[in-house]
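Chain by chain, the residues run as shown.
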Amino acid sequence: MTVLVVTDSPEGPAQKIARLVADALGERDIDVTVGDTSDLERSEEFEGVVFGGEVDAGEYSPDTVELLSSRASGLSQQLVWLFAVGDESTEDTTDLVPELAALDYRSFSPSAGEDEVRSWAAFIADEIDGHS
């Protein structure tokens, strides 16, 4: 299985979480590429996509929503997981979850611990194993 892990920010808490997810998936023998939003143009090369973004007032930025919506038809044909990083609760507040047919949406605080992130990555790996 090949998975693309992408964030809408080149640094910061979303990138930290993305790298932890990628490391944990790699430890489960999943071929992982960490990229940025421009890599979504080639998302069809991967069997799964994990996308994370920072949120403000519980929502992804308008640019992020537009980008993901513009790629929805292709991404909805793949295994997709979404995560958000923000100070406020973002539990299932995005319309992108059904639009992208995301298998899961997780909200993390900027100070999320490694164990919390790795636990979610294990969940993703188990879902990948179930689709293999």
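Nothing here was measured: the structure is a model prediction, and the numbers come from that model.

## With respect to unusual backbone geometry
Part 1: For Asp-29, which is not a glycine, the phi torsion comes out positive at approximately 65°.
Part 2: Position of Asp-29 among the secondary structure elements: in the loop between helix 1 (13-27) and strand 2 (31-36).
Part 3: Its relative accessible area of 74% is what places Asp-29 among the exposed residues.

## A word on the packing of helix 1 against helix 5 (residues 114-131)
Part 1: Taken N-terminus to C-terminus, the directions of helix 1 and helix 5 make an angle of 50°; their axes are 9 Å apart at the nearest point. As the angle between them shows, helix 1 and helix 5 are arranged oblique. By crossing handedness, the relation of helix 1 to helix 5 is classed as right-handed. Between helix 1, through Ile-17, Leu-20, Val-21, Asp-23, Ala-24, Leu-25 and Glu-27, and helix 5, the contact on the second element is made entirely by Glu-114, Val-117, Arg-118, Trp-120, Ala-121, Ile-124 and Ala-125.
Part 2: Among the residues making up the contact of helix 1 with helix 5, the classes are represented as 10 nonpolar, no polar and four charged.

## A word on the nonpolar core
Part 1: Of all hydrophobic cores here, the largest spans 24 residues; its most connected members are Ile-17, Val-21, Val-50, Phe-83, Trp-120 and Ile-124.
Part 2: Going through the elements one at a time, strand 1 (2-7), helix 1, strand 5 (79-85) and helix 5 are the ones with two or more residues in this core.
Part 3: The element best represented in this core is helix 1, accounting for eight residues.
Part 4: In this structure, Trp-120 is in contact with Val-21, Val-50, Trp-81, Leu-82, Phe-83, Asp-104, Arg-106 and Phe-108, ignoring residues within four places of it in sequence.
Part 5: Within the second largest apolar cluster, 19 residues are counted, among which are Phe-51, Leu-82, Val-97 and Ala-102.

Rules behind the numbers
Each chain has its residues counted from 1, following the order in which its sequence is written. Whole-chain, interface and lining totals are the exception, using all residues; otherwise, since this is a predicted model, local features are given only for residues with pLDDT of at least 70 and side-chain atom pairs are given and counted only at 80 or more. For side-chain calculations, the full set of non-hydrogen atoms in the structure is used, while hydrogens and water are omitted. Strands are runs of DSSP state E lasting at least two residues, helices are runs of H or I lasting at least four, and both sets are numbered from the N terminus onward. Accessible area is worked out with a 1.4 Å probe on protein chains only. A residue is then buried under 20% of its type maximum, exposed over 50%, and partly exposed in between. Only C-alpha atoms enter the line fits that serve as axes; for helices the fit covers just the stretch in contact. Angles between N-to-C directions range over 0 to 180 degrees. Roughly parallel means an angle under 35 degrees; roughly antiparallel means over 145; roughly perpendicular covers 65 to 115; every other angle is labelled oblique. Here a crossing is taken to be left-handed if its near helix is turned anticlockwise relative to the far helix by less than a right angle, and right-handed if that turn runs clockwise. We call two residues in contact whenever any of their non-hydrogen atoms come within 4.5 Å of each other. Classes in brief: Ala, Val, Leu, Ile, Met, Phe, Trp, Tyr, Cys and Pro nonpolar; Asp, Glu, Lys and Arg charged; the others, Gly included, polar. Among the buried residues, those of types Ala, Val, Leu, Ile, Met, Phe, Trp, Tyr and Cys that are joined through side-chain atoms within 4.5 Å form a nonpolar core.

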